[in-house]
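Summary of the model geometry
Next come the chains, spelled out residue by residue.
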Amino acid sequence: MKKRIVVLASGRGSNFQAVIDSIQEGKIPARCVALITDNPKAYAIERAKKAKIPVTVIDYASFPSREMYERALLSAMQQVNADLFVLAGYMRIVGPDIVRLFPGKMVNIHPALLPGFTGLHAQRQAVNYGVKVSGCTVHFVDESLDGGPIILQHCVRVLESDDEDSLAERILHHEHECFPEAIKLFCEDRLEIVGRKVRIR
Ligand code: GRF
């Protein structure tokens, strides 16, 4: 049976597009049933419209507090009946109350090899630190910052000539492969969380 995927995105949505494309090409046994965004200007909205995916905008700026925003977000998440929530460039931390309600049902893509360079500007952190290899990580979301069980990682070499933007661009190509691959494994019921590790069957 096809899984019901719901994507959360805040910006340009290129990872969202990679997921849409993989579903349309029949590579992922899933339906993308909704996009939820905190940003009414997100380009991801255009991508959703083109693919005829319903959009829910929960405009963060229109809420008087983070708690009230999260309440609205939770209500939207409960209504969509998702098998999996995909954080594809969702630029906010999902609060612990929400995370606890969807254990093993939320995945994120991060543009670094976790557990290194968590948080924002991971590519900048990698360039500034001087690592020779970086990459991207798809992981389950838990209550820690970018710290949930790791599903897949891709390595990307950091070149002498790299700045934040050039590294981000090369990593992004890998994200577009790695993320759909991890979602495919989930949708095929091939991922098992054992302690803090993910076993791929
Ligand atoms: C990606 O680099 C992703 O790893 C990070 O945010 C960026 C989103 O890019 N979490 P896009 O919106 O998918 O193009």
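Before reading on, note that the structure itself is shown above.
Residues numbered from 1 in each chain as written. Predicted model: local features only at pLDDT ≥ 70, side-chain atom pairs only at ≥ 80, totals over all residues. Heavy atoms only, no water.

1. Description of the pairing of strand β8 (residues 191-194)
The pairing of β8 with strand β9 (residues 197-200) spans four bridges and is antiparallel. Counterpart to L191 in the pairing with β9 is I200. Hairpin connection between β8 and β9: a loop of two residues separates the two successive antiparallel strands, and G195 in this loop has a positive phi of roughly 65°. (Pairing = 2+ DSSP bridges. Helix = DSSP H or I, 4+ residues; strand = E, 2+ residues; numbered from the N terminus.)

2. Points about the environment of A88
With respect to the helices and strands, A88 occurs in the loop between β4 (84-87) and α4 (96-101). Distance from A88 to H110, taken between C-alpha atoms, is 9.0 Å for residues 22 residues apart in sequence. Dropping the residues within four chain positions of it, A88 is found in contact with V7, L8, A9, N15, F16 and F179. (Contact = heavy atoms within 4.5 Å.)

3. Looking at the pattern of salt bridges
All told, the structure shown has eleven salt bridges when counted by the stated rule. Where R170 meets D162, a salt bridge forms, and the shortest distance between an N and an O atom there is 2.7 Å. Under the relative-accessibility criterion, R170 is labelled partly exposed at 27%. A relative accessible area of 9% means that D162 is categorised as buried. Between E188 and K184 there is a salt bridge whose closest N-O contact spans 3.0 Å. (Salt bridge = Lys/Arg side-chain N within 4 Å of Asp/Glu carboxyl O. Buried < 20%, exposed > 50% of the residue type's maximum accessible area, 1.4 Å probe, protein only.)

4. Here we look at the site of the ligand
In the neighbourhood of the ligand, the contacting residues comprise R12, G13, S14, N15, G89, I109, H110, P111 and E175. Measuring from an oxygen atom of the ligand, one finds a side-chain N or O atom of S14 at 2.5 Å. Considered on its own, the ligand offers 370 Å² of accessible surface; in the complex 88% of this is hidden by protein. If you list the elements that add at least two residues to the shell around the ligand, you get α1 (14-24) and β5 (106-110). When the residues that make up the shell around the ligand are grouped by side-chain class, the tally is two nonpolar, five polar and two charged. (Near = heavy atom within 4 Å. Polar contact = N/O pair within 3.5 Å; in protein donor to acceptor, adjacent residues only side chain to side chain. Areas by Shrake-Rupley, 256 points an atom, 1.4 Å probe, with all protein chains shown as cover. Nonpolar A, V, L, I, M, F, W, Y, C, P; charged D, E, K, R; others polar.)

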